[in-house]
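Observations on the model geometry
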Amino acid sequence: MSDIALLPSVTTFFRRDHGMFIDGRHIPSTSSNKIGVINPANGETLAHVSDASDSDIDDAVVSANQGFKVWSRTSPAARAAALFKLADLMEKHREELAQIETCQSGKIIQISRAFEVDQAAHFLRYYAGWATKITGETITPSLPSFTGERYSAYTLREPIGVVVGIVPWNFSTMIAIWKLASALTTGCSIIIKPSEFTPLTILRIAELAIEAGVPAGVLNVVTGTGRVGKALIEHPGTDKVSFTGSVPTGIAVGKGAMEAKLTRATLELGGKNSVGFLRDIDLDKAADGIIEAGFLHSGQICAAAERFFVHRSQIESVMDKLSLRLRALKIGSPLDETTQFGPVTNKQHQQKLAGFFATARAEKSTIVHGGNIPDGPGCFVEPTIILANSVNDTLLNEETFGPIATFLPYDTEDELLHLMNSTPYGLSASLWTNDLSKAMRLIPEIEAGTVWVNMHTMLDPAVPFGGIKASGIGREFGAAFIDDYTELKSVMIRY
Ligand code: NAD
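To keep things clear, this report deals only with the structure shown in the data block.

Reading guide: rules and limits
- Residues numbered from 1 in each chain as written.
- Predicted model: local features only at pLDDT ≥ 70, side-chain atom pairs only at ≥ 80, totals over all residues.
- Heavy atoms only, no water.
- Helix = DSSP H or I, 4+ residues; strand = E, 2+ residues; numbered from the N terminus.
- Buried < 20%, exposed > 50% of the residue type's maximum accessible area, 1.4 Å probe, protein only.
- Contact = heavy atoms within 4.5 Å.
- Pairing = 2+ DSSP bridges.
- Expected span 1.5 Å × (residues − 1).
- Arc of directions from axis to C-beta.
- Polar contact = N/O pair within 3.5 Å; in protein donor to acceptor, adjacent residues only side chain to side chain.
- Phe/Tyr/Trp six-rings, centres within 6.5 Å; stacked < 30°, edge-to-face > 60°.
- Lys NZ or Arg CZ within 6 Å of the ring centre and 35° of its normal.
- Patch = residues over 30% accessible without salt bridge, like charges linked within 9 Å, V, L, I, M, F, W, Y side chains within 5 Å.
- Areas by Shrake-Rupley, 256 points an atom, 1.4 Å probe, with all protein chains shown as cover.
- Salt bridge = Lys/Arg side-chain N within 4 Å of Asp/Glu carboxyl O.
- Axes fitted to C-alpha atoms, helices over the stretch in contact; angles between N-to-C directions.
- Parallel < 35°, antiparallel > 145°, perpendicular 65-115°, else oblique.
- Left-handed = near helix turned anticlockwise from the far one by under 90°.
- Nonpolar A, V, L, I, M, F, W, Y, C, P; charged D, E, K, R; others polar.
- 1 Å grid on protein atoms, 1.4 Å probe; cavity = no way out; pocket = protein on both sides within 12 Å on 5 of 7 lines; lining within 4 Å.
- Points joined across faces, edges and corners; volume = space filled by probe spheres on them.
- Domains from an automatic or database assignment.

1. So, the environment of Thr138
- Mapped onto the secondary structure, Thr138 falls in strand E5 (residues 138-139).
- Overall, the relative accessible area of 72% leaves Thr138 in the exposed class.
- It is 11 Å that separates the C-alpha atoms of Thr138 and Tyr151, two residues lying 13 residues apart in sequence.
- If we ignore the near neighbours within four places in the chain, the residues touching Thr138 are Ala153 and Tyr154.

2. Considerations on the sheet that holds strand E6 (residues 151-159)
- Spatial strand order, E5-E6-E22: 3 strands in an open sheet with antiparallel pairing. The open sheet has two free edges, formed respectively by E5 and strand E22 (486-494), since each of these has just one partner strand.
- As paired strands, E6 and E22 are joined by 9 bridges and run antiparallel to one another. Paired with Ser152 across the strands is Ile493, a residue of E22.

3. Structural notes on helix H12 (residues 347-362)
- With 16 residues, H12 extends 23 Å from end C-alpha to end C-alpha; this agrees with the ideal 22 Å at 1.5 Å per step.
- Buried residues of H12: His349, Gln350, Leu353, Phe356, Phe357 and Ala360, and no others. The buried residues of H12 all sit within an arc of 110° when viewed along its axis, so they share a single face. Projecting away from the buried face of H12 at angles above 90 degrees are the exposed residues Gln351 and Ala362.
- For H12, the side-chain oxygen to backbone nitrogen distance between the N-cap and Gln348 is 3.4 Å, and the N-cap itself is Asn346.
- Remark: Lys364 follows H12 within two positions and exhibits a positive phi of approximately 60°.

4. What to know about the packing of aromatic side chains
- By the definition in use, this model includes 11 aromatic pairs.
- Relative to Trp432, the ring of Phe277 has its centre 5.8 Å away and its plane inclined at 40°; by these criteria the two rings are tilted. Residue Phe277 is found in strand E12 (residues 273-277), and its partner Trp432 is found in strand E18 (residues 428-432); the two are separated by 155 residues along the sequence. Here Phe277 matches Trp432 in class, with each residue buried.
- Through successive ring pairs, a cluster of aromatic residues spans Phe123, Trp178, Phe465 and Phe477.
- The ring of Tyr485 carries the charged tip of Lys240 above its face, separated from the ring centre by 4.6 Å.

5. Here we look at the environment of Gly229
- Tracing the chain through its elements places Gly229 in helix H8 (residues 226-234).
- The class of Gly229 is buried, set by a relative accessible area of 2%.
- Distance in space between the C-alpha atoms of Gly229 and Ala153 is 39 Å, their sequence separation being 76 residues.
- Setting aside residues up to four positions removed in sequence, Gly229 forms contacts with Ile166 and Lys193.

6. Notes on a nonpolar patch on the surface
- On the surface, Tyr154, Leu156, Ile493 and Tyr495 cluster together into a nonpolar patch covering about 360 Å² of accessible area.
- Judged by relative accessible area, which is 31%, Tyr154 ranks as partly exposed.

7. Quick look at the packing of helix H2 (residues 54-71) against H8
- Where H2 meets H8, the axes come as close as 10 Å, and the angle between the chain directions of the two elements is 45°. Compared by their axis directions, H2 and H8 come out oblique. For the pair H2 and H8, the crossing hand works out as right-handed. Packed against H2, whose contacting residues are Asp54, Ile57 and Val61, the element H8 presents Arg227, Val228, Ala231 and Leu232 at the interface.
- Taken together, the residues of the contact of H2 with H8 break down into 5 nonpolar, no polar and 2 charged.

8. As for the layout of surface pockets
- Quantified by volume, the largest pocket comes out at close to 900 Å³.
- In this structure, the largest pocket is lined by 38 residues; those nearest its centre are Trp169, Phe243, Gly245, Ser246 and Thr249.
- When contributions to the lining of the largest pocket are tallied by element, the ones reaching two or more residues are H8, strand E10 (240-244), helix H9 (247-261) and H12.
- Looking at the lining of the largest pocket, the element that brings in the most residues is H9, giving 7 residues.
- Within the lining of the largest pocket, the residues separate by chemical class into 17 nonpolar, 13 polar and 8 charged.
- Of the domains in this structure, domain 1 (8-269 + 472-492) and domain 2 (273-460) are the two that each give at least three residues to the lining of the largest pocket.

9. Points about the side chain of Thr486
- Its place among the elements puts Thr486 in strand E22.
- Within polar-contact distance, the side chain of Thr486 engages the side chain of Arg157 at 2.8 Å.
- Here Ile482 takes part through its backbone oxygen, which lies 2.7 Å from a polar atom of the side chain of Thr486.
- If sequence neighbours within four positions are ignored, Thr486 has contacts with Arg157, Glu158, Pro159, Ile160 and Thr186.

10. With respect to the pairing of strand E11 (residues 264-268)
- Where E10 lies against E11, 5 bridges are found, and the strand directions are parallel. Bridge pairing links Lys240 to Arg264 in E11.
- With 2 bridges connecting them, E11 and strand E21 (residues 472-473) associate as antiparallel partners. Along E21, the bridge assignment pairs Leu267 with Ile473.

Function-wise, these values are silent; they only describe arrangement.
Take a look at the structure:
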C-alpha cells in the first residue's frame, strides 16, 4: 500500500499564514518569531505558526473576558446545543482533521480518525450533556431562632471564569477537546495554548466552533512555546489553568499559578505505569495485552504502561511471544492505511529515547528486542523490549514516553504489589488475571488513579481520569470535572 492522497483543503490549510485565533477569527500575530511545524514522518516543514507576543496574549485575555461575560449568561441548553453542533462538524470534517493531525504528529491515520476525531466528538457530546445537569444543593442551617426567624441556604455552582488550557503534543486534538468541553460546558471561556510541535488541528477546530455557534471570544487559540503558556497563567485576566504535560513542567506550572494569584490549577501529568500479570493468565493474552498497554501510538500515551511484572516461571515465554508480535508489526508511513506503527512526534523526543537506549546498555540491562534508532529523516524508533536487572534500573523508573516495555520477574504476589507501587507516580495500572476474587482483593492495594483489569489505556468519558501521587491534581471526565471548573457559592437567607 502507499500513502493516501492529502485532501486539497489540508494542503491549502498548511499553506496559510497562521496567526492567532482571537475574537472569533484568525488575526495576524504581532510577533515576527515563527515556529516551523515539522512532519515527523519525513522531516519536512508543513507550516509555520507564530510564537505569540505579549500583545497577542493581552488581546486573547481581553477577548476571553468579553467571551466569558456572554457565555456565562447563555442558557445551559444553548451551550450544549453549540457543543453538539461542534461534534457534528468535527465528524463532517473527519478526514480533513485526521490528515492534519497525522501530518503534524506522525500518528497513524487510523488512530487519528478513530481517536482524535471520532472519540473526541464522543467526549464532546458526553460533556455537552452535562451543561443542563449542573446543580447546587439546598441546606437547612441550624442557627438559633430568638424571635421566630428562620433560615434557608443553598449553593450555586458558578463558572470559574477564563481558563487557560495547556495541551501536550501526544493527543493534541483530543486533549484540547477535553479542555474546551470542560470549560464551555460549565460556562467558562478558554484560551488554548497548544504544543509548539502540534498546533495546527485546534486552529482549524476553532473555526468550526464559530460555525457551530460558539460566540466570538469564548474559544481563543494562542500558539507559541512554554513562555506563552506561563504568561497566560500568570496574567491578571485569567482565572484557572488546566495543564496536561510532563511532571517537571506541571510542577513549575502549579507553583507559578499559586504564586501569581492563587490561580486554580488542574494538573494532568505523566507517569510510570505498571502492569502485573498473575500466574493464571494465558500467555498469548498477556502478549496481546502488552501491545495494547505499551505500544499504541508508539507508547506516547500518558496512561500507557512502561513497567511489566511477570512471574519468574513465565517471563521468558511472554517476552518471546511479544518479540514475535513486534517483529510482525508493519512500521512505516503514518499516511499508509496499512501501517501499524509510525514515528514518534519530534526529533527531540527521538533523541531522548536514544538516550534511554544508551542508559539501558550502560546499566547492562538486557535489550531483548529493538533498542535502535533507524537511519533516515523520519523520527522512527524501534519498538523495544528490555529486561531489567533490578527495580532500580533507570528504565523501570523514568518515564520514557516511548515504545519501550521494561520487564522484571517476580516470585510472590506480595512482591508483585510492592513492585507495582514502587514509583513516585500513580496515573494508571493494570492487573491481568482470570481470578476475579484475587483481582477484587488486589485493586484497593494498587496506588493509581485508574486500575484496569484485563485491559489497559482505554478511556471513557463517563469514568473519571487523573493521577495520584506525582501524576497530578484533579480529575477529568465523569461528573468529577465540574468541581474543577466551577466555584461553589453559598447563599444564606433569613426570613
Ligand atoms: P511538556 O510538559 O513538555 O509540555 C506540555 C505543554 O506545556 C506544551 O504546550 C508546552 O509548550 C507547555 N509548557 C512548557 N513549559 C511551560 C511553562 N513553564 N508554563 C506553561 N506551559 C508550559 O509535555 P509534552 O512533552 O508536550 O507531553 C508529554 C508529557 O505529557 C508526558 O510526560 C505525558 O505523560 C504527559 N501527558 C499526561 C496526560 C494526562 O492526562 N495525565 C496526557 C497526555 C500527556
